[in-house]
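Examining the three-dimensional arrangement
Letter by letter, the chains look like this.
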Amino acid sequence: MPNIIQAVRGTQDYYPEEMAVRSWLYAKMRQVSESFGYQEYDGPFLERFELYAAKSGAELVEKQSYVFEDRGGERITLRPELTPSLARMVATRQRQLTYPLRWWSFGPFWRYEKPQKGRTREFFQWNIDMVGEDSPEADAELATIAASFLKTIGLGANEAQILVNNRQLMQAELEVLGISGALRSEVFGLIDRKDKLSAEAWQARGSELGLDAAQLLGIEKLLTDQDLWKKSETLQRFFTAVEAQGAADYVRYAPHIIRGLDYYTGTVFEAWDTAGEFRAIFGGGRYNDLVNAVGGEPVPAVGFAVGNVVISLLLQALGHAPDVSGRAPIYITVFDADSLAASFSLAAELRAAGLNVTSHLQADKLQKQFKQADRSGAKLVLVLGPDEVAQNTVNVKDLRSGEQRSLPRAELAAELQKLLA
RNA sequence: GUGGAUGUAGCUCAAUCGGCAGAGCACCGCAUUGUGGAUGCGGUGGUUGCGGGUUCGAUUCCCGUCAUCCACCCCA
């Protein structure tokens, strides 16, 4: 073991068990996306550094991106997120596209961070966005998709919740407290941290930013006001639309949700496990200025991104991990060296009939072959020995029940289909 | 990027004050030459993460390094 070259820090090996979970998630993401009429797309994994420079959070761009110079001297970035690429793709074909766009994607991303539980340097993300529609109903559609996804992967409303707020509402409330301009984004950061810091530390940091006691008190009051959303017509329409689509049990208002990325302009949301044991499952919101920021005409957009790491850990912790053996349900043994060819041709015959079949490759003791079959997850084990050949049958043992019987060769494929149904 | 904890068999973990590196599970074999799971018996498997130092002697003490985990930071 000491001599094995180590994997790159923060990367993850996907052995078949983990790969099965990733593929399963991908399939669920596809299913939910398509059920709402969204089309799959993808951007390049490499982008110019400038694409992110002024658009994402400073931390993300300056400290967490993989940046290198290619052989032609270009500054290239391994994409840390997809939204700027989406904005660029929209800006490039701005006049050719039919709006609203409903697009989704699943692929790898890289961020140079210190790896921890639920946080790796290479990870996969589902991105889903609606572009060209600026309405609370569009925001609500994305939240409903998010809720539908949680439900589809087996998470109940008691296990995960989508928390919603609106930046314009918060901005207006802060104006009332005399907070605006450059200070506003600092205060957004402070609000984001309310739950994470002690009361004293939080107040101390607020004072550092130049807030007076009355302003701090005012912010604290805002953050406990669960009815604050009623002041926002946008959020009222949002919640009405969410409720009409049957997703209300997953979605609720939370005044402290603000999001870290700078490009959000309106409604924002995050999903959390209700037990509070993991970091955010996903986050997203409305970003109406981004296409403009990459050089296109202004186009409104809303969307969210789900990473595969936290959600996989959460599913495992809650016992919802999918049952994904992935191995063939039929295992064909080799009775002796002389019957190897006969077993192979039986396997080929069954595969031609559409069955998934694993072939044992040599005449080991049947005991060993049955053991391997059992461990591979096979449900049915076939034996083709002298007795079977003489009677033109195949012996079939069902490992689940332990029962076995001889089936006529001519009816074998059809019978196996029935046993597996 | 800052602070802290932990690295011993494939996995989970022991090893007294610095004195022969162990157990359970897993794996392989036999009991069982046409049949998996259960049981019994036996067996394989170690550069104690890596490198250096102190010592007669280091899993143990010290330094460095790599990795994992935790809290910050940030975020999927």
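As a reminder, the structure under discussion sits directly above these lines.
This is a predicted model, so every value here is computed, not measured.

1. Some points on the side chain of Thr267
Note on placement: Thr267 falls in strand β9 (residues 267-273). For Thr267, a relative accessible area of 2% gives the class buried. Within polar-contact distance, the side chain of Thr267 engages the side chain of Asp139 at 3.3 Å. Among the polar contacts listed, one links the side chain of Thr267 to the side chain of Asn166, at a separation of 2.9 Å. Among all residues touching Thr267, those that are not within four sequence positions of it are Asp139, Val164, Asn165, Asn166, Thr234, Leu235, Phe238, Gly285 and Arg286.

2. Some remarks on the protein's contact with RNA strand B
What surrounds RNA strand B is a group of 46 residues, the closest being Lys117, Arg193, Arg259, Asp387 and Leu399. By atom count, sugar and phosphate contribute 54% of the portion of RNA strand B lying within 4 Å of the protein. At a separation of 3.1 Å, a base oxygen of RNA strand B approaches a polar side-chain atom of Lys114. Between Arg119 and RNA strand B, the recorded distance is 3.1 Å, taken from a side-chain N or O atom to a base nitrogen. At the level of elements, β6 (122-131), β10 (282-286), β11 (301-307), α14 (366-376), α15 (386-391) and β15 (393-398) are the ones that each hand at least two residues to the surface near RNA strand B.

3. Remarks on the environment of Leu101
Along the chain, Leu101 falls in strand β5 (residues 101-110). Looking at Leu101, the relative accessible area reads 4%, which means it is buried. Placed 63 residues apart in sequence, Leu101 and Tyr38 show a C-alpha to C-alpha distance of 8.0 Å. Once residues lying within four places of it in the same chain are set aside, the contact partners of Leu101 are Val90, Asp129, Met130 and Val131.

4. Quick notes on the packing of helix α8 (residues 199-208) against helix α9 (residues 213-223)
One can describe the packing of α8 onto α9 by two numbers: an axis separation of 10 Å at closest approach and a directional angle of 130°. Classified by the angle between their axes, α8 and α9 sit oblique to one another. For the pair α8 and α9, the sense of crossing is right-handed. Across from Trp202, Gln203, Gly206 and Ser207 in α8, the residues of α9 making contact are Leu216, Ile219 and Glu220. The residue makeup of the contact of α8 with α9, split by class, is three nonpolar, three polar and one charged.

Rules of the game
- Residues numbered from 1 in each chain as written.
- Chains lettered and ligands numbered in written order.
- Predicted model: local features only at pLDDT ≥ 70, side-chain atom pairs only at ≥ 80, totals over all residues.
- Heavy atoms only, no water.
- Helix = DSSP H or I, 4+ residues; strand = E, 2+ residues; numbered from the N terminus.
- Buried < 20%, exposed > 50% of the residue type's maximum accessible area, 1.4 Å probe, protein only.
- Polar contact = N/O pair within 3.5 Å; in protein donor to acceptor, adjacent residues only side chain to side chain.
- Contact = heavy atoms within 4.5 Å.
- Near = heavy atom within 4 Å.
- Axes fitted to C-alpha atoms, helices over the stretch in contact; angles between N-to-C directions.
- Parallel < 35°, antiparallel > 145°, perpendicular 65-115°, else oblique.
- Left-handed = near helix turned anticlockwise from the far one by under 90°.
- Nonpolar A, V, L, I, M, F, W, Y, C, P; charged D, E, K, R; others polar.

Scope: geometric values only; no functional claims are made or implied.
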